[in-house]
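Results of the structural survey
Chain residues, written in single-letter form:
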Amino acid sequence: MSFARNSYLHRRLAGLLALMLALMLALLFSPPARAATPRDQLVIGMNMNNLLSIDPAGATGNDVLGVVANLYDYLVELDPRDLARVKPALAESWAFGDDRRSLTLTLRQGVRFQSGRPLTAEDAAWSLHRVLKLNLAMASPWKSYGFSAANAPRMIRALDARTLRIDFPEPTDPKMVLYTLATSVSAAILDRQAVLAHERNGDLGAAWLLTHAAGSGPFSLAEWRAKDAMLLDRFNGYWRGPARLRRVVMRHVPESLSLRFMITRGDVDLAAGMAGPDIEALKHDASVVVQPVLRGTSYYVALSMKNPRFADRRVRLALRSLIDYDGINKAIMPNYGVAHQRPVMIGLAAALPDPGYRLDVPRARRLLAEAGYPQGFRTTIRVLSDPPLINIATSLQATLALAGIEAEILSGTGNQVYGAMRDRKFDIVVGRGGGGVEPHPHANLRALVYNPDNSDAARLTNFQGWRTGFHSPAINRLIEEAVREPDEARQNAMYREVQQLYDSEVGAIQPIAQMQETVVLSKRVHGYVGHPSATTHLRDVYKD
């Protein structure tokens, strides 16, 4: 081939590359063409990897709370702007017994399920009985109050079509029960006849309710394609009046950068679960609003005391000193959480100031040597592959290595990470949880610390204290006494003592930050108020 021919080809190739570069720059720096979602639909982009079931008896995780809160009704609700304020919902009034051992609720008239059947106190009682009979994950809060499948028919009963009476099997703080009725997915009221029509082999409709719903909420479930999309349609017979939106569309968008482009293009109206850098970038976009909500849940490092190494208090103390709290909270947690090292959530009267844990490698090395591990050891860290959890795990892996601990990161889905935790087959989990749905210290301590029966057979899978194998009779006893204490000042003092004991006994779960959920909303969206308990209601949301 001649030199002239080569020269010609080089000029053509250079021209083609210049054209491609110009097109790429135009795509990158030109304002995106804006799409427009329908005015009567709210399109939500979110990661749906952990949305595995919507059965109120067994569904866990934060994502399902917002789904169930819009498909079903609860007896009462908490004001998202003042969590201590309980508002009427299906129950228009309620009263505690003089001895604090019962709760009587009066249901409003005229409420109908989406099937058209009237909603009665019998449906409410049966819904709670079902949770206890199935004894799945969401039975745990009720069992912690002393309810069981055997005593439920006696203790939770309809006195007539509008009156539900709940007798407490054990002394407890009645406010906690009311908060659970307002926030737990297990308290959603089901259409008994609709569910039983799909019962198979005595499962109380459990297989059907994994992917179907039978509620009275403002939206009905039109379609759910796992890890793809969920469609909720307005229920025009809703007792509060029809929702302002005709449809809610939830789209599975696991990549944060994709969500960022979609919200700026107008392909979605609300983006949830985005990475911190993408949220920061969107704070400068005039077409959207960034809305943070502080939740009562914690980001934590959990150790399994079924592993003999972590059963040693000195090793747990060493690992407490091998977490870079300051670095994690400054570099990773903005838009995800705020620094917090105690199990009781910020803002409650019983909350204590942070103890000031910090990364201290020499101390950790000394403790490991005392425990017989001067050269460290090998272990694993299970973690979801999503930010910020995977970033926290990477930071932990690096700081553990400073003391000779070689940790392999095993990232996976919710089932792979929390499933292993529920089976008590893990070494370290970097996770998120810890109750905090009810605005009460007992909610945090029950989830993270309390473990009344440490046997494998107990299967207290919804108690993260049980999952880790941490078992302190003194702490358990104090938690049980505190929730029964009628004097609020004494009760708060007892909860502070629990936290101090947990600190000195070196609990197996070390909180790092308290969760902050940050969503990005199109300015076309109005009336959206993120709920600190994750039960965000969409019935009053509307769009321009």
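Quantities reported herein were computed from a predicted structural model and do not represent experimental measurements.

**Remarks on the pairing of strand β7 (residues 163-167)**
- Burial of β7 is extensive: four of the five residues sit out of reach of the surface.
- Here strand β5 (residues 102-107) runs beside β7; their pairing, made up of five bridges, is antiparallel. Within the sheet, the bridge partner assigned to S102 lies in β7 and is D167.
- Between strand β6 (residues 156-160) and β7, which pair antiparallel in sequence order, lie two residues.

**Comments concerning the sheet that holds β7**
- Spatial strand order, β4-β5-β7-β6: four strands in an open sheet with antiparallel pairing. Only two strands of the sheet have a single partner each, and these edge strands are β4 (91-96) and β6. Averaged over all pairs of adjacent strands, the angle between their axes in this sheet comes to 20 degrees, without regard to strand direction.
- In this fold helix α3 (residues 121-134) packs onto β5, β6 and β7, with an angle of close to 170 degrees to the strand it touches most, β6.

**A short note on the environment of A243**
- With respect to the helices and strands, the residue A243 is situated in the loop between β9 (229-234) and β10 (247-252).
- Overall, A243 belongs to the buried group, its relative accessible area being 4%.
- For A243, the contacting residues outside a window of four places in its chain are P218, F219, R234 and R539.

**Quick word on helix α14 (residues 361-370)**
- Among the residues of α14, those classed as buried are V361, A364, L367 and L368. For α14, the arc enclosing every buried residue in end-on projection is 125 degrees, short of the 170-degree limit, so these residues lie on one face.
- Looking at the buried residues of α14, the elements they touch are α12 (313-320).
- The residue sitting at the N-terminus of α14 and contributing the capping side-chain oxygen is D360; that oxygen lies 3.2 Å from the backbone nitrogen of R363.

**Describing the packing of aromatic side chains**
- Evaluation of the coordinates by the stated rule reveals eight aromatic pairs.
- Here the aromatic rings of W142 and F147 are separated by 6.0 Å at their centres, their planes lie at 65 degrees, and the arrangement is edge-to-face.
- Three or more aromatic residues link up through ring pairs in this structure, and these residues are W142, Y145 and F147.
- Directly above the ring of Y542 sits R244, whose terminal nitrogen or CZ lies 3.8 Å from the centroid.

**Topic: the UniProt feature "domain: Solute-binding protein family" (unreviewed entry) in the chain**
- UniProt records the feature "domain: Solute-binding protein family" (unreviewed entry) for residues 86-454 in the present numbering.
- End-to-end, the C-alpha atoms of residues 86-454 are 34 Å apart, and along that stretch the chain is 32% helix and 23% strand.

**Concerning the pairing of strand β17 (residues 509-522)**
- Here β17 lies mainly inside the structure; 13 of its 14 residues are buried.
- Examined bridge by bridge, strand β11 (residues 270-272) and β17 share three bridges and lie antiparallel to one another. Bridged to A272 within β17 is V519.

**So, the nonpolar core**
- With 154 residues, the main nonpolar core has L75, W142, L164, I166 and L181 as its most contacted residues.
- For this core, the element with the highest residue contribution is α3, accounting for seven residues.
- The residues touching I166, leaving out its near neighbours within four places in the chain, are R101, S102, L103, L105, L128, F147, M155, I156 and L181.
- Core analysis: the next-biggest nonpolar cluster, separate from the first, contains 15 residues, V43, A229, M262 and L282 among them.

About the cut-offs
Residues numbered from 1 in each chain as written. Predicted model: local features only at pLDDT ≥ 70, side-chain atom pairs only at ≥ 80, totals over all residues. Heavy atoms only, no water. Buried < 20%, exposed > 50% of the residue type's maximum accessible area, 1.4 Å probe, protein only. Helix = DSSP H or I, 4+ residues; strand = E, 2+ residues; numbered from the N terminus. Pairing = 2+ DSSP bridges. Axes fitted to C-alpha atoms, helices over the stretch in contact; angles between N-to-C directions. Contact = heavy atoms within 4.5 Å. Arc of directions from axis to C-beta. Polar contact = N/O pair within 3.5 Å; in protein donor to acceptor, adjacent residues only side chain to side chain. Phe/Tyr/Trp six-rings, centres within 6.5 Å; stacked < 30°, edge-to-face > 60°. Lys NZ or Arg CZ within 6 Å of the ring centre and 35° of its normal. UniProt positions renumbered as here; feature names shortened; annotations may be inferred. Core = buried A, V, L, I, M, F, W, Y, C linked by side-chain atoms within 4.5 Å.

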